[in-house]
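Structure at a glance
As a plain string of letters, each chain reads:
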Amino acid sequence: MGKKPLQSETERFKQILIEAYQRGELSANITAKDMVQELVHQLKPIFKGNNHK
């Protein structure tokens, strides 16, 4: 049962990356910086629980 949340996070991570890639393919004017900033914004909730600061 412990693997279920990890699988869920992995699937979410993969989906975010796929969507970002597809947006990059469709938009000729998106910069790498914009794409990375968008990815960071979307991925933050996934990794927030792993941040032990």
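Higher on the page you've got the structure.
Residues numbered from 1 in each chain as written. Predicted model: local features only at pLDDT ≥ 70, side-chain atom pairs only at ≥ 80, totals over all residues. Heavy atoms only, no water.

**Structural notes on the overall build of the protein**
Here is the rule we go by: By the criteria applied, helices consist of DSSP H or I runs no shorter than four residues and strands consist of E runs no shorter than two, each listed in order from the N terminus. The method behind every accessible area is Shrake-Rupley, applied with a 1.4 Å probe, and residues are considered shielded solely by the protein chains displayed.
Helix and strand content of the protein: 2 helices and 0 strands. Working note: accessible area of the protein is about 4900 Å², and carbon and sulfur atoms make up 59% of it.

**Side note on the pattern of salt bridges**
Counted only if it meets this: A carboxyl oxygen of Asp or Glu within 4 Å of a side-chain nitrogen of Lys or Arg is what we treat as a salt bridge. Using a 1.4 Å probe on the protein chains alone, a residue whose accessible area is under 20% of its type maximum counts as buried, one over 50% counts as exposed, and one in between counts as partly exposed.
Here the structure, examined in full by the defined rule, presents 1 salt bridge. Residues glutamate 11 and lysine 14 are paired through a salt bridge, measuring 3.2 Å at the closest nitrogen-oxygen approach. A residue pair is termed a helical-turn pair when its members lie 3 or 4 positions apart in one helix, as glutamate 11 and lysine 14 do in helix α1 (residues 3-26) at 3 residues. A residue is classified by how much of its surface remains accessible, and glutamate 11, at 46% relative accessible area, is partly exposed.

**Remarks on the nonpolar core**
Rules: We define the nonpolar core as a collection of buried residues of types Ala, Val, Leu, Ile, Met, Phe, Trp, Tyr and Cys that are connected through side-chain atoms lying within 4.5 Å of one another. Residue contacts follow a heavy-atom distance rule, with two residues in contact if any of their heavy atoms lie within 4.5 Å.
Counting residues in each nonpolar core, the largest one holds 5 residues, listed as Ile16, Ala20, Leu39, Leu43 and Ile46. No other element matches the 3 residues that helix α2 (residues 32-48) contributes to this core. Sequence-distant contacts of leucine 43, that is, excluding residues within four places in its chain, are made with Phe13 and Ile16.

**Considerations on α2**
Counted only if it meets this: To estimate how far a helix should reach, multiply one less than its number of residues by 1.5 Å. Axes are fitted to the seven residues ending at a residue and to the seven starting at it; the angle between these axes is taken as the bend at that residue.
Helix length check: α2 (17 residues) gives 23 Å between terminal C-alpha atoms against 24 Å at 1.5 Å per residue, within 8%. Taking the largest bend as the criterion, α2 deviates by roughly 35 degrees, centred on glutamine 42, and proline proline 45 comes between one and four positions later. Turning to α2, its buried residues number three or more, namely Leu39, Gln42, Leu43 and Ile46.

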